[in-house]
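Chain by chain, the residues:
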Amino acid sequence: MVMPRPRLARAAVALALYLHHLVSAIEVPLDSNIQSELPQPPTITKQSVKDYIVDPRDNIFIECEAKGNPVPTFSWTRNGKFFNVAKDPKVSMRRRSGTLVIDFHSGGRPEDYEGEYQCFARNDYGTALSSKIHLQVSKSPLWPKEKVDVIEVDEGAPLSLQCNPPPGLPSPVIFWMSSSMEPIHQDKRVSQGQNGDLYFSNVLLQDAQTDYSCNARFHFTHTIQQKNPYTLKVKTTRGITETTPSFMYPYGTSSSQMVLRGVDLLLECIASGVPAPDIMWYKKGGELPAGKTKLENFNKALRISNVSEEDSGEYFCLASNKMGSIRHTISVRVKAAPYWLDEPQNLILAPGEDGRLVCRANGNPKPTIQWLVNGEPIEASPPNPSREVAGDTIVFRDTQIGSSAVYQCNASNEHGYLLANAFVSVLDVPPRILAPRNQLIKVIQYNRTRLDCPFFGSPIPTLRWFKNGQGNTLDGGNYKAHENGSLEMNMARKEDQGIYTCVATNILGKAEAQVRLEVKDPTRIVRGPEDQVVKRGSMPRLHCRIKHDPTLKLTVTWLKDDAPLYIGNRMKKEDDGLTIFGVAEKDQGDYTCIASTELDKDSAKAYLTVLAVPANRLRDLPKERPDRPRDLELTDLAERSVRLTWIPGDDNNSPITDYIVQFEEDRFQPGTWHNHSSYPGSVNSAVLSLSPYVNYQFRVIAVNDVGSSLPSMPSERYQTNGARPEINPTGVQGAGTQRNNMEITWTPLNATQAYGPNLRYIVRWRRRDPRGSWYNETVKTPRHVVWNTPIYVPYEIKVQAENDFGRAPEPDTVIGYSGEDLPSSPRYLRIRQPNLETINLEWDQPEHPNGVLTGYNLRYQAFNGSKSGRILVENLSPNQTRFTLQRTDPISRYRFFLRARTQVGDGEAIVEESPALLNEATPTPAYTKNHVDIATQGWFIGLMCAIALLVLILLIVCFIKRSRGGKYPVRDNKDEHLNPEDKNVEDGSFDYSDEDNKPLPNSQTSLDGTIKQQESDDSLVDYGEGGEGQFNEDGSFIGQYTVKKDKEETEGNESSEATSPVNAIYSLA
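A short tour of the structure in this document, coming up. Values in this document were obtained by computation on a predicted structure and should not be read as measured data. Each residue is numbered by its place in its chain's sequence as written, counting from 1. Only residues with pLDDT of at least 70 get local features here, since the model is predicted, and only at 80 or more are side-chain atom pairs given and counted; chain-wide, interface and lining totals rely on the full set of residues. Values reported for side chains reflect all heavy atoms of the structure, with hydrogen atoms and water molecules removed beforehand.

### Details of the overall build of the chain
Okay, so step 1: Secondary structure assignment for the chain yields seven helices and 86 strands.
Okay, so step 2: Relative accessibility thresholds used throughout: buried, under 20% of the residue-type maximum; exposed, over 50%; partly exposed, between the two (1.4 Å probe, protein chains only). Taking all 1069 residues of the chain together, the buried fraction comes to 42%.
Okay, so step 3: A sequence separation of at least 24 residues applies to 64% of the contacts in the chain between residues at least 6 apart.
Okay, so step 4: Accessible areas in this description were obtained via Shrake-Rupley with a 1.4 Å probe; residue shielding takes into account the shown protein chains only. Here the chain displays about 58,700 Å² of accessible surface, and carbon together with sulfur accounts for 49% of that area. Only DSSP runs of H or I covering at least 4 residues are called helices, and only runs of E covering at least 2 are called strands; the numbering of each starts at the N terminus. Residue contacts follow a heavy-atom distance rule, with two residues in contact if any of their heavy atoms lie within 4.5 Å.

### Looking at the sheet that holds strand β49 (residues 541-543)
Okay, so step 1: Being paired, for any two strands, means DSSP has found at least two bridges between them. Taken in spatial order, the three strands make up an open sheet running β49-β54-β53, and their pairing is antiparallel. Looking at strand neighbours, the two that pair on one side only are β49 and β53 (571-574), the edges of this open sheet. This sheet shows a mean twist of 10° between the axes of neighbouring strands, independent of strand direction.
Okay, so step 2: One ladder, built from three bridges, connects β49 with strand β54 (residues 577-580); its direction is antiparallel. Bridge assignment links Arg541 to a residue of β54, and that residue is Thr579. The axes are straight lines fitted to the C-alpha atoms, using for helices just the contacting stretch, and the angles between their N-to-C directions are given from 0 to 180°.

### Structural notes on the state of the cysteines
In a disulfide, the sulfur atoms of two cysteines are held together by a covalent bond.
Okay, so step 1: Two cysteine sulfur atoms make up a disulfide if the distance between them is within 2.5 Å. Using the criterion set out here, one finds six disulfides in the structure.
Okay, so step 2: Note that Cys269 is cross-linked by a disulfide to Cys317, the S-S spacing being 1.9 Å. Measuring handedness by torsion sign, the sulfur bridge of Cys269 and Cys317 sits at about -75° and is left-handed. Residue Cys269 is located in the loop between β22 (265-268) and β23 (270-274), and its partner Cys317 is located in strand β27 (residues 313-321); the two are separated by 48 residues in the primary sequence.
Okay, so step 3: Covalent S-S linkage joins Cys544 and Cys593, the inter-sulfur distance amounting to 1.8 Å. Classification of the bridge connecting Cys544 and Cys593 rests on its S-S torsion, roughly -70°, and on that basis the disulfide is left-handed. With Cys544 in the loop between β49 and β50 (545-547) and Cys593 in strand β55 (residues 589-596), this residue pair connects regions lying 49 residues apart in the sequence. By the burial criterion, Cys544 is buried, and Cys593 matches it.

### A closer look at the sheet that holds strand β46 (residues 509-520)
Within a sheet, adjacent strands bond to each other through the backbone by hydrogen bonds, running parallel or antiparallel.
Okay, so step 1: Across the sheet, four strands lie side by side as β39-β46-β45-β42; this open sheet has mixed pairing. Strands with a single pairing partner mark the edges of an open sheet, and in this sheet they are β39 (439-444) and β42 (462-467). Along the sheet, successive strands turn relative to each other by an average axial angle of 25°, direction set aside.

### Some thoughts on the packing of aromatic side chains
Okay, so step 1: A pair of aromatic rings is counted whenever rings of Phe, Tyr or Trp (Trp by its six-membered ring) have centres within 6.5 Å, and the orientation is called stacked for planes under 30 degrees apart, edge-to-face for over 60 and tilted otherwise. Evaluated as defined, the whole model comprises 18 aromatic pairs.
Okay, so step 2: With 5.2 Å between their ring centres and 25° between their planes, Tyr282 and Phe316 make a pair best called stacked. Placement of Tyr282 in strand β24 (residues 278-283) and of Phe316 in strand β27 is noted, with a sequence separation of 34 residues between them.
Okay, so step 3: Overall, the relative accessible area of 32% leaves Tyr282 in the partly exposed class.
Okay, so step 4: Pairwise contacts between aromatic rings join Tyr860, Phe883, Tyr894 and Phe896 into one cluster.

### What about unusual backbone geometry?
Only a minority of non-glycine residues have a phi that is not negative, and only a minority of peptide bonds are not trans.
Okay, so step 1: Each neighbour pair has its own omega, and for Asn69 with Pro70 the value is 5°, a cis peptide bond.
Okay, so step 2: As for its position among the elements, Pro70 is in the loop between β4 (64-69) and β5 (73-78).
Okay, so step 3: Note the cis peptide between Leu169 and Pro170, where omega equals -5°.
Okay, so step 4: In this structure, Pro170 sits in the loop between β13 (159-161) and β14 (173-177).
Okay, so step 5: In this model, Asn297 sits at a positive phi of 50°, which is unusual for a non-glycine residue.
Okay, so step 6: Residue Asn297 is classed as buried on the basis of its relative accessible area of 13%.

Below you can see the structure in the form of structure tokens.
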């Protein structure tokens, strides 16, 4: 629809131009028939952005589309010279469009097409220009190869790791990770600067536990380039010296920064010191810009969004710790690329009319204005006596057919430029009515209505309305004529029915159209359903008698408890009501009758109560509910109270037990009734307590044993004055929904607690540290999210209500916590084996829980050499730090994996193994990660092998001698004679094979059956290793056992048997 101007005579237009008023442009209607007939210079409708970066993997599309009549043709320039599209086989232009398509499917380098492009759209009435489009191909270069040396730094010293990413287009996103692709944890001590470097305010020993790699993510190619990692070596000292803050970036005590209007300003201060300093921001001579500032990167960065000239000035950051403070001043200068004050608009004029194009722009420095016509400087265009250029304005006087053209305004300074096209089209078009012919408008009596008659013409036609062919123009009284051609009636009456004619006239002719108006009767329910109390099984009828306009189609629908009613075979819907056959308890509820037509509707509601009692007791029940109270009156009006008085209705044979007073207010929930208070049935007046800033309206409901009456008619309204809130929100709590945030929520105030307009909430929070700074945000919704928080730290939170009258009292402080993360591993895991059947585990909580511990996950696995059993899992409570494992066998060792758990998940595991047993009968001491397993030492293994070999040799010797039945010559070296009863006394030998093993005199039998000499500490090993003892050729052992008897006597008892190879080996041993 066209928005035409009021009628202007040529003299009036000239006078308006003389007084420097702008003649409004006329938009050509979208009606295709009109557009196909009217000439129109070109208008650029779509173009690519000025700085156009493309993906080198895709074809290039440089957009340029325009409309006009005739349809425009297109051409391009590249780097200021004509670009011949037809000569390059890779370049084509879309049909009926100026969009360039550069196709690389058959090869080619996108870099060859970089440059500055400009589109020209031409037809017979002028030339429109696009902006100059700077085409660049995205680049994601590789990181230059470099050798990164190990960085050595003293503990407590500051450190910065430089990133220096390759210059990509657009600039890459920088982030730091370890070589295992774990993100580097950042806080106020360790953080990444805006230049991509990683800054350490002070280095701790734990910083050397990982390496540091700078990563660059490129937008178009979605690739990540990784720099060679830094390895950090921290030299420890006996104690870290606390130091005052010092700025790592920017350097010195002052710096300056220039920013363009409309973009975001980012100021940054990074300081070193022990302990890590806190950063605070200030502006000299005033407050930080309200509503547009945000602290980032642990308060090290201040972001001011959408900068304007008022944001110029000096800002300073204050870095402080307990050792002192230091400040850095940043002088901010705001410059501005050109921006529009008055952008030139298309101008459609009739022959002989006057008009003007205005191009006003501002910037810093102030931009220069250059006019072009059809793409050429206006100074070089053919002279036009009807056109006068006066700086930022072109004035047209007495324009004629053939003066149509497209004018360009270029506003530029050192920071950028603006280019706008505005055509001047001189048309002589007789009036045309754009609405359909012979419209029919229907309206309900006494409702507001509007008759539309859109039109177009040049010069702009004058539109008038007539009724039933009468000569008087309709405007004023019940009628109001609008500039867009519409005729509005405030209240349609029966006598307003008829045929209305709109007539559009200019010097070239006139056009008219007719609209017929019909005024219909409203739809009304003259008898609606009434509340009823019926017994089960009866047949109630709900009335719904309707009066409506007979020319309109009527539709009647029923609702039960505000949901569509299913009309089954137990119900009958009639023209004037609804009958329910055999009513049951499930039929009890609210019934609503809705009568509607295409223009309006009406509804009525009643409640049906079903009593499940025998029929013979029905006569003993109260007949009806009480009648509604009436004649409500407000008296004793005060700031916070009012007296309400009413006249009770008939109790209908059941005494009224209660009165319920309800109120409705029209600001927060208009049309919704709320219970205010209740009173005994013996009173008919009450003093009501009121809240500030509520426009009250009251009604009363009477209650007896049967039920409630209909509500009374509403009282008159009573408006209370506003005040500041007296209470603050309840249910304030803060909890993290992600690892780096804290969501603050609360229960909002309701309509009677707001006490004034524009209710809002001041949310304040700070780290739970008396020295910490409070941050605040004013919101209107009961929720605020604080981002970039450390992991699971306590915050002090306050939420205060405020309206236009003031603030509520100071709120209480609530403790909330930021988001949780995975916990670190437990501090230690100790393993004890008190016996061969059990293993006892003991551990301590993680050093960094990163949240509320919800338990521990213990996984363990038996193993014996290369063989492993299945993994078993135990889920333990968060306060449990001990666990006893019943061993399934005494030989296998166990490997244990212990993790702590928060609501985020399981953290890092600590892994330990049970030690190997030295002696299965001897309990092992506690085993921790720092103990040495003796069973794995080389010297111990060698010693055990030697002992085993020696024992094996002795066993073989004994076995051989026993199997041969050899006799050992024995001489008592303590002057003790053999028992004369022994059968072998005569030959002086002892038969070892035929007799049971008997102990010698003065010897004792050990527990394992071996024979030991009394009071002798000599072991078998001692005998074997002594220089005096040796084996005979027959394997008998002679030495200390004979207490150094003469060798001759010993050698005289050698066995007469031949020496076997085995005995020879024993002799050598």
